[in-house]
Each structure stands twice: as structure tokens, then as C-alpha cells.
Amino acid sequence: MELKYIVKQNRLLLTLSGDFLSYQNDSEKEGVLKQVQASKIKTIDIDATHLGQWDSSLVVILFKMMQRARKEGIPVHLNMLPAGLQRLLNLAFAVDRKPPKHHTVNEEFLVRLGGWYLKTQTSFFKGWNFIKEVLHSFRRFFSKKAVMRPVDFFFSLEDCSYKALPIVALISFMVGLILAFVGAVQLKLFGAQIYVASLVTIGMTRIMGAIMIGVIMAGRTGASYAATIGTMQVNEEVDALKTMGIPVSDFLVLPRVLALMITMPFLTIMADFMGIFGGGAVSILMLDIAPQEYWRLSMEALNMANFLVGIFHGFVFGIVIALCGCYYGVFCGRNADSVGVATTKAVVSAIVWMILMTGVITLTCEVMGI
Amino acid sequence: MKKENQISVRNLTIAYDNFILLKDLSFDVKKHDVFIIMGGSGSGKSSLLRILTGLKTPKGGEVLIDGIDLVKANQKQKDAIMQKCGILYQSGALFSSMTLAENIALPLQQYTSYSENDIKDLVSLKLAFVGLAGFEDFYPSEISGGMKKRAGLARALALDPEIVYFDEPSAGLDPISSRLLDDLIIDINQSLGTTIVVVTHELSSIFSIGTNSIYLDANSKTILGHGNPKDLLKNPPNETIFQFLTRGEKKYERAK
Ligand SMILES: Nc1ncnc2c1ncn2[C@@H]1O[C@H](COP(=O)(O)OP(=O)(O)O)[C@@H](O)[C@H]1O
Ligand SMILES: [Mg+2]
């Protein structure tokens with residue numbers, strides 16, 4: 001394969017001979033292209049009488065050369081080229097009408113800051129309005145006017161009750177185990193390993209049980225809410241609901257919030273006890289504490305206030321998870337990508353809001369002396 | 001007989017944030033018309049439909065449905081307007097967790113006081129209209145794409161609407177199913193006197209069902225042609241429309 005060129009009387013003659021398959025000679029390529037730019041040629045001819053086989057690696061050279069020639073206003077005569085090659089090149093230059101494009105401008109820092117503020121403000125109000133909508137739905141629910149199918153509620157209830165039990169049980173058992181293990185190593189130094197039971201019991205019931213359940217359910221159920229409702233948005237089902245005059249908050253959000261609100265406290269209780277059992281496993285196997293003794297110590301440490309505060313956490317987390325999942329589902333974009341984004345945001349924001357709510361509850365308890 | 005305007009659009013501007021998609025849209029849809037909204041992909045046909053159905057607020061202009069401005073209407077008026085409208089979405093938009101019967105019963109339960117038994121009969125009737133008699137207990141995932149569209153149509157017809165909107169009814173359908181749907185549209189239009197608004201770029205549909213049309217253009221961001229599609233083909237106002245209506249197969253020569 002060979003790419004030769006000569007310039008004669010303002011005319012660039014390009015001679016192609018041999019096969020151009022996976023052609024990769026950069027210096028020859030550059031040479032041709034330079035000629036098109038630099039010299040004062042008026043026309044370009046291509047001699048392809050000895051051209052054998054060719055592929056895109058040849059087309060790309062000719063394409064680039066023609067692009068430059070066009071810019072400089074030099075005519076290129078293609079009629080010597082094989083018909084297929086001519087057709088391909090013409091195809092490459094058949095420009096479609098470009099759709100209008102949203103263009104982004106590089107804005108000043110202050111403008112960007114302002115934009116960020118406005119965006120945060122609108123999303124804050126969007127969230128607030130969403131919560132108000134849901135509250136209205138609850139009002140309609142209690143006055144028996146909400147458009148909610150019991151089937152949807154029971155389906156959600158099923159999904160976040162017994163179907164969630166195995167994973168909840170496993171994780172909280174493990175957390176109890178870890179708490180006990182870490183505690184035991186430290187407490188052993190003082191010969192105080194007997195306090196492992198109280199450590200695990202207080203830790204699990206007051207907060208760890210609820211937090212672990214919250215994280216699990218955010219990843220499991222919150223994400224599924226966002227994905228389900230987001231997909232409904234993509235499929236225009238949410239539009240269909242709206243145009244039927246059915247409030248989305250009644251039909252989609254209410255059953256889900258109700259289901260999590262009801263099941264989360266029970267899941268928290270379950271997690272508390274599984275955690276205590278996990279701690280028991282470590283105490284009995286590692287610290288040689290008798291099972292009855294461990295149980296007695298745990299029950300002594302079990303304080304009703306802590307227990308109820310933990311359950312209250314679970315209840316609040318249930319609402320937070322369901323709201324975050326549904327919110328990002330309802331405001332999902334209209335393609336598959338945005339369902340992924342919605343799911344991620346639902347989980348992350350649920351966890352952030354749970355931590356914030358924990359702070360608020362803890363502070364309130366502190367003030368109230370619980 | 002002079003036909004009344006069912007939908008009047010005046011100086012409508014459609015925008016996403018600050019990006020103006022379409023502007024200066026003005027047109028009327030008369031009662032009993034089959035009105036076609038044509039335009040290339042991305043020209044904003046679905047966005048216009050979302051505005052006509054109250055799902056999106058326009059940046060400016062007004063949309064009058066039977067004389068009531070949809071933009072300024074209060075919730076009660078809006079509900080009343082929406083009850084008059086049925087919509088067949090591009091994908092059918094059936095609720096996937098419900099059977100066909102439950103899907104169609106939903107608007108009936110929402111807006112009417114029929115008893116459960118009456119609703120059941122109505123649902124069966126609507127399903128029979130669209131050729132899906134006996135499909136009451138099927139889930140949307142158990143039927144074909146063409147059937148889904150027809151079931152969506154049955155739902156759109158549930159409340160005997162005065163206006164039915166269709167978003168690309170023939171998209172994703174084989175020629176025969178799409179032809180069946182066109183026939184169904186004409187049947188509904190002629191037997192029930194329903195006003196029909198169809199977004200489509202299927203040429204055969206445009207010519208066989210349309211009585212009036214507009215062409216939306218993404219470049220000039222407005223209406224490039226307005227009138228009966230057959231007249232537009234005979235007397236194209238500009239090259240874009242001519243190219244569109246002939247699939248770009250013929251050369252445009254301006255009529256002198
Ligand atoms: N939610 C949205 N946010 C921003 N831009 C959008 C949105 N939806 C549609 N668009 C823009 O509007 C254009 C027209 O969309 P659409 O109305 O769906 O067109 P058509 O139905 O004619 O194909 C698209 O090209 C897209 O850029
Ligand atoms: Mg569309």
C-alpha cells in the first residue's frame with residue numbers, strides 16, 4: 001500500500017496504490033494533510049487506478065483531507081475513486097440538521113452560588129409540598145376518602161414484614177455479636193466482662209437495633225419504592241393517574257408509608273432481641289457466662305424507657321424511608337438512567353435523614369431527661 | 001352547521017426551565033375533528049400534549065378547553081375538564097399491578113357512583129369495544145403491545161370522554177395492529193362523536209384519519225403548516241412539510 005502525492009501547478013494529485021487495510025502510516029497521512037492546508041493549491045485530484053482493497057482506515061484519511069479542503073474552499077474530484085468509496089464519502093458529508101442544543105455557559109462564582117441557592121430553595125419547597133401532600137392524604141385516609149387500594153397496602157405490608165425478617169434477623173444477630181465481642185475484649189482488661197450483657201442490651205434497644213433496621217430497610221424497601229414508582233413515571237403511569245384526577249400521594253405513597261410505619265416498630269423489637277441473642281452467643285461461648293445468668297443480666301439492664309425510645313426511632317425511620325423512597329420515585333426523570341439515580345438518592349437521603357432524626361430525638365430525650 | 005371550537009390554543013410557549021421548545025402556537029380543534037399533531041422526533045409533540053392534558057404548565061399563552069382556560073382554572077374546574085378527556089399514552093401506561101378490568105374500573109370508581117356490578121358490566125363493554133372481550137382478568141404483562149394500547153384506549157374511553165388524546169398510537173406496532181387502531185379511532189370518532197387529537201408521524205395514519213393538522217418544527221420552534229393533511233400535500237406551504245409528507249422521496253418544486 002502506498003500513498004503518494006505531488007503538487008503541480010496548484011494541483012494536488014494523490015495516488016493510491018495497493019491494498020489499504022488497517023493503514024497506519026502517520027507520517028504520510030500528515031504530509032498529505034499539510035499540503036492541503038499550507039500550499040496554494042486550487043484543486044485536488046485522486047488517482048485510484050491501482051487501488052486494491054480498502055477499509056475505513058483509507059476512508060478516514062480522505063474524509064479528513066476533504067474536511068480541510070472544504071474549509072479552504074478547494075474542490076476535490078472524487079470521480080476516479082471506486083463507486084463504493086465515493087458513496088461512503090458523500091454519506092459522511094451529508095449533514096443532518098442539528099437539533100437545538102442547550103448550551104452551558106461558564107458562570108461566575110457568585111452567579112453559580114446564587115443558582116445553587118435557588119436550586120436548593122426550590123428543592124426544599126418541593127420536598128415540603130410533598131410532605132404536605134402526604135399529610136393531606138392521611139387526612140383523607142382517616143376520613144375514608146383516600147383513593148387507596150387495600151391490595152396495594154397489603155402487598156407493601158407483606159413485603160416489609162415477614163419477607164424482611166430473615167435479613168433483619170441475621171444482621172441484628174451479627175451486630176449483637178460484634179458489640180459483645182468488641183466490648184468483651186475491652187471489659188476483660190478490667191475483669192468486667194459480666195457487663196457485656198448490659199452493654200449489648202442497652203446498645204441494641206436504645207439505638208443500634210433501630211439504626212440497623214433503618215439502614216437495611218432503606219436499602220431494601222426504600223430503594224424498591226423509588227424504583228417501582230420511578231418506573232411507573234417512565235411508563236407514564238404516574239401521568240395517567242394524575243390525569244384521572246387520582247392524587248399520587250393517595251394511590252402510591254400512602255400505602256407504602258402506612259406499611260413501613262406499621263412494620264418498623266415490630267422489626268425493631270425483633271432486632272433488639274436478635275441482638276441480645278447475638279451478644280449471648282459471645283458471652284456464653286467466649287466468656288463462659290451461663291445462659292441463665294446472661295439472660296438475667298440482660299433483663300436487668302433492659303429499661304422500658306430505652307426500649308420505647310428505640311421503638312419510636314423505628315417508627316420515625318419507617319416514615320423517613322418511605323417518604324424518601326416515594327419522593328425520589330415520584331420526581332424521577334423519564335429514562336432508565338434516572339430510575340437508577342432516583343434509587344441511589346432515595347437510599348442516601350433516607351440514611352442522612354435518619355441520622356439527622358436520631359440527633360433530633362436524642363436531643364429531645366436529653367432535654368426531657370429520658 | 002358551524003362547528004364549535006373544543007380546544008383553542010393561543011400564543012402558547014412551551015419551555016423547560018429557560019430552554020424554549022416551542023413558541024407562538026395558536027390553533028383550534030373543532031368538535032368531532034380528528035386533529036393531527038405532526039412533527040419530527042424531539043419537536044415537542046409530547047410536550048404539547050402534556051400541556052393540553054394539564055400535566056405541564058406552559059411558560060405563556062392560554063389553552064382553552066370548551067372556553068375554560070386550563071392554566072388559570074382552579075382544581076375543581078380542572079377536574080371537570082380532565083373528566084372530559086381520555087388519554088392513550090405512548091406506552092399504554094396501564095398499571096402493571098392491576099388486571100385490565102381493575103385498570104379500566106379505576107376512573108369509573110373515581111368519578112362515578114355506579115355500583116360494583118354496573119362497573120363490572122361497563123368494563124366488559126369497554127373491553128369489547130376495543131376487541132378485548134374476555135380479557136378482564138389478564139395483567140398488562142400477559143398481553144401483546146397492540147393489545148396493551150387497545151386496553152389503554154378502553155381505559156381512556158371509560159368515562160365517555162368528549163376528547164381523546166393519542167400519543168403516537170402506532171409506535172411499536174406492526175402494520176396490521178396499527179391499522180386496526182386507526183380504524184378504531186375512526187369508529188370512535190364517528191359513532192360517539194368524540195373529538196380526537198393524535199400525535200403521530202405515521203404517514204398512512206395521517207392521511208387516512210386526519211381532518212385537520214399542525215406541523216411542529218424544531219428549528220423554527222413553531223407551527224410550519226396548518227390544515228387538512230391532504231390539502232397540505234397537494235399545496236405544501238414550504239419545503240419542510242413537503243419533505244415530511246412525502247418521506248423526502250420527491251423533489252420540492254414550488255407551485256407557481
Ligand atoms: N423533562 C424534560 N426536561 C427537559 N427537557 C425535556 C424534558 N422532556 C422533554 N424535553 C426536551 O423537549 C424535547 C421534545 O420532547 P418531546 O416533547 O418528547 O418530543 P416528541 O414527542 O416530539 O418527540 C426533547 O428533545 C427534550 O430535549
Ligand atoms: Mg413523544
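Residues numbered from 1 in each chain as written. Chains lettered and ligands numbered in written order. Predicted model: local features only at pLDDT ≥ 70, side-chain atom pairs only at ≥ 80, totals over all residues.

Chemist: Any chance you could explain the overall build of chain B here in plain terms?
Modeler: The secondary structure content of chain B amounts to 9 helices and 10 strands. The C-alpha radius of gyration computed for chain B amounts to 19 Å, which stays within 12% of the reference 18 Å derived for 256 residues, consistent with globular compactness. For chain B, the C-alpha atoms occupy an extent of roughly 65 × 45 × 40 Å along the three principal directions. For chain B, buried positions account for 43% of its 256 residues. By sequence separation, contacts in chain B at least 24 residues apart represent 64% of the contacts at least 6 residues apart. (Helix = DSSP H or I, 4+ residues; strand = E, 2+ residues; numbered from the N terminus. Rg over C-alpha atoms; globule rule 2.2 N^0.38 Å. Buried ≥ 20, exposed ≤ 12 C-beta atoms within 10 Å, placed from the backbone. Contact = placed C-beta atoms within 7 Å.)

Chemist: Before we go on, may I ask you to explain the overall build of chain A in this structure?
Modeler: Looking only at helices and strands, chain A has 12 helices and 4 strands in total. Here the C-alpha atoms of chain A give a radius of gyration of 35 Å, more than 25% beyond the 21 Å that 2.2 N^0.38 yields for 370 residues. Across the 370 residues that make up chain A, the buried fraction comes to 36%. Long-range contacts, defined here as pairs at least 24 residues apart, represent 86% of the contacts in chain A between residues at least 6 apart.

Chemist: What is the right way to read the packing of helix α3 (residues 100-111) of chain B against helix α4 (residues 116-129) of chain B from this model?
Modeler: Two numbers describe a pair of packed helices, the interaxial angle and the distance between the axes. Residue and element names in this part refer to chain B. For the pair α3 and α4, the least separation of the axes is 9 Å and the interaxial angle reads 120 degrees. Between α3 and α4, the interaxial angle falls into the category oblique. Crossing of α3 against α4: the hand is right-handed. Note on element contacts: α4 touches α3 through Ile119, Leu122, Val123, Lys126 and Leu127, opposite Leu100, Ala101, Ile104, Ala105, Leu108 and Gln109. Class assignment of the residues belonging to the contact of α3 with α4 gives a composition of 9 nonpolar, 1 polar and 1 charged. (Axes fitted to C-alpha atoms, helices over the stretch in contact; angles between N-to-C directions. Parallel < 35°, antiparallel > 145°, perpendicular 65-115°, else oblique. Left-handed = near helix turned anticlockwise from the far one by under 90°. Nonpolar A, V, L, I, M, F, W, Y, C, P; charged D, E, K, R; others polar.)

Chemist: In this structure, what is going on with helix α7 (residues 196-234) of chain A? I would like to understand it.
Modeler: Owing to its 3.6 residues per turn, the α-helix brings residues three or four apart onto one side. Residue and element names in this part refer to chain A. Along α7, the largest kink reaches about 60 degrees and is centred on Met204. Most of α7 is tucked away, with 30 of its 39 residues classed as buried. Of the residues flanking the end of α7, it is Glu236, one or two places downstream, whose phi is positive at about 65 degrees. (Bend = angle between axes of the 7 residues up to and from the residue.)

Chemist: Quick question: what am I supposed to make of the sheet that holds strand β2 (residues 11-20) of chain A here?
Modeler: Backbone-to-backbone hydrogen bonds join strands into a sheet, with any given pair of strands oriented parallel or antiparallel. All names here are of chain A. Spatial ordering of the open sheet is given by β1-β2-β3-β4, a layout of 4 strands whose pairing is mixed. The strands lining the two open edges of the sheet, one partner per strand, are β1 (2-8) and β4 (76-77). Judged from the 2 bridges that link them, strand β3 (residues 43-54) and β4 form a sheet pairing that is parallel. Bridge assignment links Ile44 to a residue of β4, and that residue is Val76. (Pairing = 2+ DSSP bridges.)

Chemist: Any chance you could explain the site of ligand 1 here in plain terms?
Modeler: Residues and elements named next belong to chain B. Near ligand 1 the following residues occur: Tyr16, Leu21, Gly39, Ser41, Gly42, Ser43, Gly44, Lys45, Ser46 and Ser47. Sorting elements by how many residues they give to the shell around ligand 1 places helix α1 (residues 45-52) first, with 3 residues. Counted by class, the shell around ligand 1 contains 2 nonpolar, 7 polar and 1 charged residues. (Near = placed C-beta within 6 Å.)

Chemist: Mind showing me how you'd approach the interface of chain A and chain B here?
Modeler: Quoted interface sizes are often the accessible area lost when the parts come together. Taken together, the contact pairs 15 residues of chain A with 19 residues of chain B. Its residues assigned to classes, the side of chain A that touches chain B comprises 6 nonpolar, 4 polar and 5 charged.

Chemist: What's the story with the sheet that holds strand β1 (residues 5-16) of chain B in this structure? I'm lost.
Modeler: All names here are of chain B. One open sheet accounts for 4 strands, arranged β2-β1-β4-β5; its pairing is antiparallel. If you trace the sheet from one side to the other, it starts and ends with β2 (19-30) and β5 (68-69), each paired once. Sheet topology note: the β1/β2 ladder contains 8 bridges and is antiparallel. Across the sheet, the residue bridging to Ile7 is Val29, located in β2. Those strands touched by α1 are β1, β2 and β4 (60-65), and its axis lies near 120 degrees from that of β1.

Chemist: I tried to follow unusual backbone geometry on my own but got confused; where do I start?
Modeler: Leaving glycine out, the prevailing phi sign among residues is negative, and the prevailing peptide bond configuration is trans. Backbone geometry at A:Glu236 places phi at a positive 65 degrees, although glycine is not the residue there. By secondary structure assignment, the location of A:Glu236 is in the loop between α7 and α8 (237-243). Not every positive phi belongs to a glycine, and B:Asp160 is a case in point at roughly 50 degrees. Position of B:Asp160 among the secondary structure elements: in the loop between α5 (145-156) and β7 (163-167). Residue B:Asp160 is classed as exposed on the basis of its 12 C-beta neighbours within 10 Å.

Chemist: Please clarify how the environment of B:Thr246 should be interpreted in this entry.
Modeler: Residues and elements named next belong to chain B. Assignment of secondary structure puts Thr246 in the segment after α9 (239-245). Thr246 gets classed as partly exposed once you count the C-beta atoms within 10 Å, which come to 14. Taking the C-alpha atoms as reference points, Thr246 and Leu203, 43 residues apart in sequence, are found 8.3 Å from one another.

Chemist: So what exactly am I meant to see when it comes to the pairing of strand β9 (residues 212-217) of chain B here?
Modeler: Consecutive side chains along a regular strand alternate between the two faces of the sheet. All names here are of chain B. Of all 6 residues in β9, 5 are buried; the element is thus mostly enclosed. Bridging between strand β3 (residues 34-39) and β9 involves 5 bridges; their strand directions are parallel. Note on β9: the bridge partner recorded for Gly39 is Leu216. One ladder, built from 4 bridges, connects β9 with strand β10 (residues 222-226); its direction is antiparallel. Bridging across to β10, Asp217 finds its partner in Thr222. Following β9, the chain reverses through 4 residues before pairing antiparallel with β10; Lys221 in that reversal takes a positive phi of roughly 60 degrees.

Chemist: Would you mind going over the environment of B:Lys59 with me for this structure?
Modeler: Residues and elements named next belong to chain B. Residue position: Lys59 is located in the loop between α1 and β4. Looking at Lys59, the number of C-beta atoms within 10 Å reads 17, which means it is partly exposed. For Lys59 and Asn18, which are 41 residues apart along the polypeptide, the C-alpha to C-alpha distance reads 9.3 Å. Sequence-distant contacts of Lys59, that is, excluding residues within four places in its chain, are made with Thr13, Ile14 and Ala15.

Chemist: I tried to follow helix α6 (residues 175-192) of chain B on my own but got confused; where do I start?
Modeler: Residues and elements named next belong to chain B. Given a rise of 1.5 Å per residue, 18 residues ought to cover 26 Å, and the 25 Å separating the end C-alpha atoms of α6 matches this to within 8%. At its buried positions, α6 is contacted by β3, α5, β7, β8 (195-199) and α7 (203-209). Note on α6: the residue one or two positions beyond its end, Gly193, has a positive phi of about 70 degrees. (Expected span 1.5 Å × (residues − 1).)

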